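# Results of the structural survey
Spelled out from the first residue to the last, the chains are:
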Amino acid sequence: MKDFLTKILFITLITTFLFSCNAVKRVPEDEYLLEKNLIFIDSVKTNAIKLENLLYQEPNARLAGIPLRLHVYNLASVDRDSLYRDWLHRKPNRKKRMINLLSKKQIDRLGAGLSTINQWIKSSGEPPVIVDESKARRSAKKLQAYYWNHGWFNVKTDYKIDKRDDKTAIVNYFVTPKAPYFIDSLKTKITSNVADSIYKANAANSTIITGKQYKTLDLESERERVTSLFRNSGLYHFEKEFIKFDADTVGTNHKVNLNLLIKNRPVSYGDSTARVPFKVHKISRVNVFTDYSYENRNKTPKDSTSYNGYKIYAYDEIKYTRKAIANSILITPGEIFKESDRTITNNQINNLRTFKYPNITYDIDKNDITGKSLIANIRLTPKKKYSFNAQFDVSTSQIQAFGIGFGGSLLIRNVFGGAEILEISARGSIGSSSDAVDGGERFFNISEVGTDVRLSFPKIVFPIRTNKIIPKRMSPTTNLIFGINVQQNIGLDRQNATGVFNYQWRPNKKISNQIDIVNVQYVRNLNTNNYFNIYNTSFTELNTIAQDVLEPSSSFFFQPEDGAPTIDNAVLTIPTGAEGFIQESLGPDRDADLTATQLQEIRNIDERKTRLTEDNLIFASSYTFTKNNKENLSDEDYSRFRVKFEFAGNVLNAISNIAELQENSRDRFEIFGVEFSQYAKTELDYIKHWDLGRKNIVAFRYFGGVAIPYGNANSIPFARSFFGGGPNDNRAWLAYDLGPGSTRSRNEFNEANLKLAANLEYRYNILGALNGAFFIDAGNIWNVLDNVEDEDAVFSRLDDLQEIAVGSGFGLRYDFDFFVIRLDIGFKTFNPANDEDQRWFKGYRFSEAVYNFGINYPF
């Protein structure tokens, strides 16, 4: 209670101090600090953010009602240099004493250092926003323009500055929209017959709709649409500036009659200008220069070839197959000019990762007297055939106290002449861990090494042609991936080998598809005897049961040399004692003192041990669909949707049945001595960001996933299961520490085959590059339709949704532009593992909080 009162007093004092700071300390005489802006629509106050964002002046940023950055700015001196000089010369002998104590050079450096610190404080803070009447006047006009552009042509705006005695002021804006105007008709006056016919054929797609309230943005959208339509219908010379609108609103009773005007294009002939009708241009020839550079721009190519109408040249020797080059180019000889073909060609060539950004130009074909033919010139500058990078890092984790990682990758371009990419990467690490097995006295007693090979083809590699299903404009790619990873003295000393054969393609810039035809993973555990050294919770539960039913002198217990242990300190030997006790308890000669609950607990421990120590063979296929409408890296108003379907083991199960393979003692098929996994799995992931302006963002994420075993398996491999908690999930729990269900996270690595999760986060700016966030995380994992029988862990009815865990908290993020360092502090708001009357708000202490460190945002 005493600590609680101390915290309350401390928070109260800090809050009182901040509120009592003089915010107008740096406000000049006869000037006023902008306290707030108020906007009134027909005398009714509005808080519409879109209107507030139109104003040229906004008050100093506030955190919990306090202008924190303004107070930081006020801490700095106005002229630190002059203050330092005044202090230094205030007393006649002060400078002399300081020089004798330090030196003249150090005295100067001290002054420069103080000036630098002062400047840093200024730049970290925010200067006071002084009310500027000229900006208030411009803001009123901008509000007027906004309403005018949305159909309120008779809008009136005004402003009033409310000045206060404390040198602060409120600026009030008054908007009187009056009645809006609506579109009544749209007529066209297009001089060119070709352009007119193209427009009329596509008029149904117009963004200007009769009966809709007038918006200038709709007119601009129509200009964009028509420009794109004409530029992709062969009108090479057409530009957006050729489109004009005029509007008639006189005597129309708030109706707008629009006219869309397009004249013939102007062409200059000496000192005179004439207007020429638009023509539909066709591509007569496509020239591709595969090794262009600035140095050889005036040289004559030495090598040439042709393919499907494409003329391919090289200043040295053509090093690429004709088909590889042609498949990357959408500009086609004999087709009409399309601006979209140039854009897609740019993207296609960039996706090859073989050339620098291409240079695509068009020239009028002088051999065509009609002037309707174009020659496309595509100049490609190759990147270096080989590129190498290396990396090195130092880390610490729960597994290792200290670790050193190192690695590198080699990229080889145009491996077989078809713009293929071969990537070879390797990574290794050594570390120091107190949990290492057979590590001896060495400091570096654990290690891990792995390598990956990836070969990418810029096409769909398939026995039959797929151009009609996945045309080349969709940037098709085929990938072959192989990898192997080996651990020593880490956990079960796992060896992991993977092989993937997949296709990727993008119908447009928002949608991507991926099909894993084959995704094989083989996991081999070399040191299964170390299981109970790793999973201490399972061992502790098993040892407690053994102490209840066995004599201290049992051979399953460790027997010290100085005598038999007592029942309180008896410990099962690992692995012999622990495994022997499990086998005896589950066999016909089990101890009579075992209760049904204890027997079930031993069975659960044994099933989990078997699943986590057995070797895995996963032979899967999957399909992933992703839609992401994020325009660029700075876009914070977007959504992303991803869905994945995966099936494993069906092919191997069919082969086993056809080949009439014999089942093992567990009625399972084995391939190379390993039971293969068989399951169906689906994942759904949705992310949505709302940009509220002024660096205020609301971010939401939902994730749902389920994996159902069947056929040759009754559980999901650890590598394909779900877990809860961690810096990118429910931040009130550590990774693998949440669930399943209402269990008390009794295992070191808790996982299951059903997961539901949702996250909501409000992000805001605090100070410069320092941002903050408040978040709520909800979700849990459960077992469903597998071999787990614990009712607390199994999702069997809709009432189990009451076991969804809720965490909440706040975080700090520092933005370095190219990456973000993140600290999130999560509190257990609703903990389903607690007793029902102890589930809500029982983890709201900093000593019980989870501190999550991460790089970049969680979603």
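Residues numbered from 1 in each chain as written. Predicted model: local features only at pLDDT ≥ 70, side-chain atom pairs only at ≥ 80, totals over all residues. Heavy atoms only, no water.

### Considerations on the overall build of the protein
Looking only at helices and strands, the protein has 16 helices and 33 strands in total. Expressed along its principal axes, the backbone C-alpha trace of the protein runs to roughly 115 × 85 × 70 Å. For the protein, the proportion of its 859 residues judged to be buried stands at 43%. Intrachain contacts of the protein at a sequence separation of at least 6 include 63% that bridge at least 24 residues. As displayed, the protein offers around 47000 Å² of accessible surface, 54% of which is attributable to carbon and sulfur atoms. Between the centroid of the 110 positive side chains of the protein and the centroid of its 101 negative side chains there is a distance of 14 Å. (Helix = DSSP H or I, 4+ residues; strand = E, 2+ residues; numbered from the N terminus. Buried < 20%, exposed > 50% of the residue type's maximum accessible area, 1.4 Å probe, protein only. Contact = heavy atoms within 4.5 Å. Areas by Shrake-Rupley, 256 points an atom, 1.4 Å probe, with all protein chains shown as cover. Lys, Arg positive; Asp, Glu negative; His and termini not counted. Charge placed at Lys NZ, Arg CZ, Asp CG, Glu CD.)

### Some remarks on the pattern of salt bridges
Between side chains of opposite charge, a pair can form when the charged atoms approach closely. Applying the stated rule across the entire model yields 30 salt bridges. The residue E220 makes a salt bridge to R223 at a minimum N-O spacing of 3.2 Å. With E220 and R223 both in helix α9 (residues 216-231) and three residues apart, the pair spans about one turn of that helix. It is possible to trace a salt-bridge network through shared partners that takes in R731, E761, R763, D777, R813, R822 and D824. (Salt bridge = Lys/Arg side-chain N within 4 Å of Asp/Glu carboxyl O.)

### Digging into the packing of aromatic side chains
Following the criterion strictly, the structure yields 40 aromatic pairs and no others. Pairing F830 with W840 gives two aromatic rings, centres 4.7 Å apart and planes at 50°, and the pair type is tilted. You can see F830 sitting in strand β31 (residues 820-830) and its partner W840 sitting in strand β32 (residues 840-843), a full ten residues away along the chain. Judged by relative accessible area, F830 falls into the buried class, the value being 9%. (Phe/Tyr/Trp six-rings, centres within 6.5 Å; stacked < 30°, edge-to-face > 60°.)

### A word on the sheet that holds strand β4 (residues 168-176)
Hydrogen bonding along the main chain pairs the strands of a sheet, whether they run parallel or antiparallel. What the four strands build is an open sheet, ordered β2-β1-β4-β3; its pairing is mixed. In this open sheet, the two edge strands, each paired with only one partner strand, are β2 (44-46) and β3 (156-163). The sheet shows a mean angle of 30° between the axes of neighbouring strands, direction not considered. As paired strands, strand β1 (residues 33-41) and β2 are joined by three bridges and run antiparallel to one another. (Pairing = 2+ DSSP bridges. Axes fitted to C-alpha atoms, helices over the stretch in contact; angles between N-to-C directions.)

### Focus: the pairing of strand β26 (residues 679-693)
Here strand β23 (residues 639-648) pairs with β26 via ten bridges, running antiparallel. By the bridge assignment for β26, A648 is matched with Y679. Across 14 bridges, β26 lies against strand β27 (residues 696-709) in antiparallel orientation. By the bridge assignment for β27, Y686 is matched with Y702. Count of turn residues in the β26/β27 antiparallel hairpin: two residues, of which R694 carries a positive phi of about 55°.

### Regarding a nonpolar patch on the surface
On the surface, I49, W690, L692, Y762, F774, F810, F846, Y851 and F853 cluster together to form a nonpolar patch covering roughly 870 Å² of accessible area. Of all the secondary structure elements, the ones that give two or more residues to the nonpolar patch are β26 and β33 (850-855). Assignment of secondary structure puts W690 in strand β26. (Patch = residues over 30% accessible without salt bridge, like charges linked within 9 Å, V, L, I, M, F, W, Y side chains within 5 Å.)

### Some points on the packing of helix α13 (residues 536-549) against helix α14 (residues 576-586)
Between two packed helices, both the angle of their axes relative to each other and the distance between the axes serve to describe the pair. For the pair α13 and α14, the least separation of the axes is 11 Å and the interaxial angle reads 65°. Judged by the twist between their axes, the crossing of α13 over α14 is left-handed. Here α13 contributes F539, L542, I545, A546 and V549 to the contact with α14, which in turn contributes A578, F581 and I582. Split into classes, the residues belonging to the contact of α13 with α14 amount to eight nonpolar, no polar and no charged. (Left-handed = near helix turned anticlockwise from the far one by under 90°. Nonpolar A, V, L, I, M, F, W, Y, C, P; charged D, E, K, R; others polar.)

### Considerations on the environment of R603
In this structure, R603 sits in helix α15 (residues 596-613). The exposure class assigned to R603 is partly exposed, which follows from its relative accessible area of 28%.

### Description of the environment of G371
The residue G371 is located in the loop between β13 (359-364) and β14 (373-379) in this model. The buried category is assigned to G371, whose relative accessible area is 19%. The spatial distance from the C-alpha of G371 to the C-alpha of H281 is 8.0 Å, given a sequence separation of 90 residues. If near-sequence neighbours (up to four positions away) are discounted, G371 is found in contact with K279, H281 and I364.

### Concerning α13
With 14 residues, α13 ought to run about 20 Å at 1.5 Å a step, and its terminal C-alpha atoms sit 20 Å apart, in line with that. Residues S538, F539, L542, N543, I545, A546, Q547 and V549 constitute the buried set of α13. Those residues of α13 that are buried are in contact with α12 (531-534), α14 and α15. (Expected span 1.5 Å × (residues − 1).)

### Digging into the side chain of N259
With respect to the helices and strands, N259 occurs in strand β7 (residues 255-262). You can call N259 buried: its relative accessible area is 16%. Side chain to side chain, N259 and D246 meet in a polar contact 2.9 Å long. (Polar contact = N/O pair within 3.5 Å; in protein donor to acceptor, adjacent residues only side chain to side chain.)

### Quick word on the packing of α13 against α15
Put simply, α13 and α15 touch, their axes get as near as 10 Å, and they point 145° apart. Crossing of α13 over α15 shows left-handed handedness. Mapping the contact onto sequence places S538, E541, L542, I545, D548 and V549 in α13 and Q598, E601, I602 and I605 in α15.

### As for the sheet that holds β14
Sheet architecture is open: five strands sit in the order β11-β12-β10-β14-β13, paired in mixed fashion. Lying at the two open borders of the sheet, with one neighbouring strand each, are β11 (303-307) and β13. Put simply, the sheet's adjacent strands are angled 20° from each other on average, direction ignored. Note that β11 and strand β12 (residues 310-314) share five bridges and pair antiparallel.

### Looking at the side chain of N712
Positionally, N712 belongs in the loop between β27 and β28 (754-767). Polar contacts involving the side chain of N712 include one to the main-chain carbonyl oxygen of F676, which spans 3.0 Å. If we skip the residues at most four places from it in the chain, N712 touches N653, R668, F669, E675, F676 and Q678.

### Notes on unusual backbone geometry
In this model, I574 is joined to P575 through a cis peptide bond whose omega is 5°. By the secondary structure assignment, P575 is in the loop between α13 and α14. Note that the residue after G739, namely P740, is joined by a cis bond; omega there is -5°. Tracing the chain through its elements places P740 in the loop between β27 and β28. Even without being a glycine, R353 presents a positive backbone phi close to 60°. Tracing the backbone through its elements, the reader meets R353 in the loop between α11 (339-352) and β13. The class of R353 is partly exposed, set by a relative accessible area of 33%. Residues other than glycine seldom take positive phi values, yet Y736 does so here, at roughly 70°.

### Quick notes on the confidence of the model for the protein
Per-residue confidence for the protein averages 88 on the pLDDT scale, and 91% of its residues sit at or above 70. Mean pLDDT across the secondary structure elements of the protein bottoms out at helix α1 (residues 2-20), with 46, and peaks at β23, with 97. Within the model, the stretch residues 1-20 combines pLDDT values under 50 with six contacts to residues more than four positions away or in other chains. (pLDDT = per-residue confidence, 0-100.)

### A look at α11
Helix length check: α11 (14 residues) gives 21 Å between terminal C-alpha atoms against 20 Å at 1.5 Å per residue, within 8%. Burial in α11 covers these residues: D341, R342, T345, N346, Q348, I349 and L352. Axial view of α11: buried residues confined to an arc of 165°, hence all on one face. On its buried face, α11 sits against α9, α10 (322-327), β13, β14 and β17 (421-432). Directly beyond the C-terminal end of α11, a positive phi value near 60° is found at R353. (Arc of directions from axis to C-beta.)

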